[in-house]
Amino acid sequence: MRARARARRPRRPERRPVVPRRATPVRASELAADTPGVASDLQSIKLAEALAEEAAAHTTACEYAKAVPLYALLLSRYCAHSDEFKFRELDAIVHLGRYDEVLSQATAMLRRSMDSPNALYLRGRCMFHNGQIDAALKHTAEALRLDPDHAPAKGLRHEIKAIVSQKDAGNDAFKRGDLAEAVRCYTAALALAGERDIIRATLHVNRATAHARASQHDAAIADCTDALAVDARNVK
């Protein structure tokens, strides 16, 4: 008997891979018109950008008292975790003379991130204003080690070195008896220092000493008065 021939199964057609269609790009304005919630998000972005531009304009114009609340509003309402806007806010607060406040917040920033050049710069800036020159230079150097192009740290380092250079030149002139040159150097250093910098008190005292040695007593008294206006605890 012949063996029955096995019936052949029909071959399945090969499945072609499915190629997804390329998505058509959607503009944000079109998305906002049809998608719930996106319109309000875009409006928030526009408001945040407007606030940032206004705050930057006040900062450029040295209107720091107007810039600070705008940065605070940006951080509280739109970008709570923005290190850049926090840095701008604290930098503006420095110019208002609230050094202890900025020093505390910059220290907290460093606890979160030890390699933050912005936080190191802010601490250095506050230390310089408080008369801690060596500590300020160390913080500035560390900020520039982390970011060699950090413009605020570069500016602070240049500012500190220029003031210290004039102060040291005045001290050298006083030691060799050149009182007029000493007064000129201290005056040049005072012109570079900020109005609230503690180093101003030292410079006024040094210049008062030179004036007194030159028998210019009225000028010496005026410098002592100015020194106490900057630092009432200065006993010199």
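Everything numeric here is computed off the predicted structure, so don't read it as measured data.

Chemist: A description of the nonpolar core should follow, citing residues and the corresponding values.
Modeler: Val-102, Leu-122, Phe-128, Ile-163 and Leu-203 are the most contacted members of the largest nonpolar core, which totals 40 residues. Those elements that place two or more of their residues in this core are α3 (64-77), α4 (83-95), α5 (99-112), α6 (117-129), α7 (133-146), α8 (151-175), α9 (179-192) and α10 (199-213). At seven residues, α6 tops the list of elements feeding residues into this core. Leu-122 has contacts with Phe-87, Leu-90, Asp-91, Val-94, Val-102, Ala-106 and Met-109, leaving out every residue within four places of it along the chain. Residues Leu-51, Ala-55, Ala-67 and Leu-70 belong to the second largest nonpolar core, which totals 11 residues.

Chemist: Outline the packing of α4 against α6, listing residues and values.
Modeler: In a pair of packed helices, the angle between the axes and the distance between the axes together describe the arrangement. Two elements in contact, α4 and α6, have axes separated by 11 Å at closest approach and are oriented at 5°. As the angle between them shows, α4 and α6 are arranged roughly parallel. Facing Glu-84, Phe-87, Leu-90, Asp-91 and Val-94 of α4, the residues of α6 in contact are Asn-118, Tyr-121, Leu-122, Arg-125, Cys-126 and His-129. A class-by-class count of the residues in the contact of α4 with α6 yields six nonpolar, two polar and three charged.

Chemist: How would you sum up α5? Please name residues and give values.
Modeler: Here α5 is 14 residues long and its end C-alpha atoms lie 20 Å apart, about the 20 Å a rise of 1.5 Å per residue gives. Three or more residues of α5 are buried, namely Tyr-99, Val-102, Leu-103, Ala-106, Met-109 and Leu-110. Burial along α5 is one-sided: seen end-on, the buried residues are contained in an arc of 120°. Exposed and facing more than 90 degrees away from the buried side of α5 are Asp-100, Arg-111 and Arg-112. Check the buried side of α5 and you find it contacts α4 and α6.

Cut-offs and rules
- Residues numbered from 1 in each chain as written.
- Predicted model: local features only at pLDDT ≥ 70, side-chain atom pairs only at ≥ 80, totals over all residues.
- Heavy atoms only, no water.
- Core = buried A, V, L, I, M, F, W, Y, C linked by side-chain atoms within 4.5 Å.
- Buried < 20%, exposed > 50% of the residue type's maximum accessible area, 1.4 Å probe, protein only.
- Helix = DSSP H or I, 4+ residues; strand = E, 2+ residues; numbered from the N terminus.
- Contact = heavy atoms within 4.5 Å.
- Axes fitted to C-alpha atoms, helices over the stretch in contact; angles between N-to-C directions.
- Parallel < 35°, antiparallel > 145°, perpendicular 65-115°, else oblique.
- Nonpolar A, V, L, I, M, F, W, Y, C, P; charged D, E, K, R; others polar.
- Expected span 1.5 Å × (residues − 1).
- Arc of directions from axis to C-beta.

Just geometry here; none of it tells us what the structure is for.
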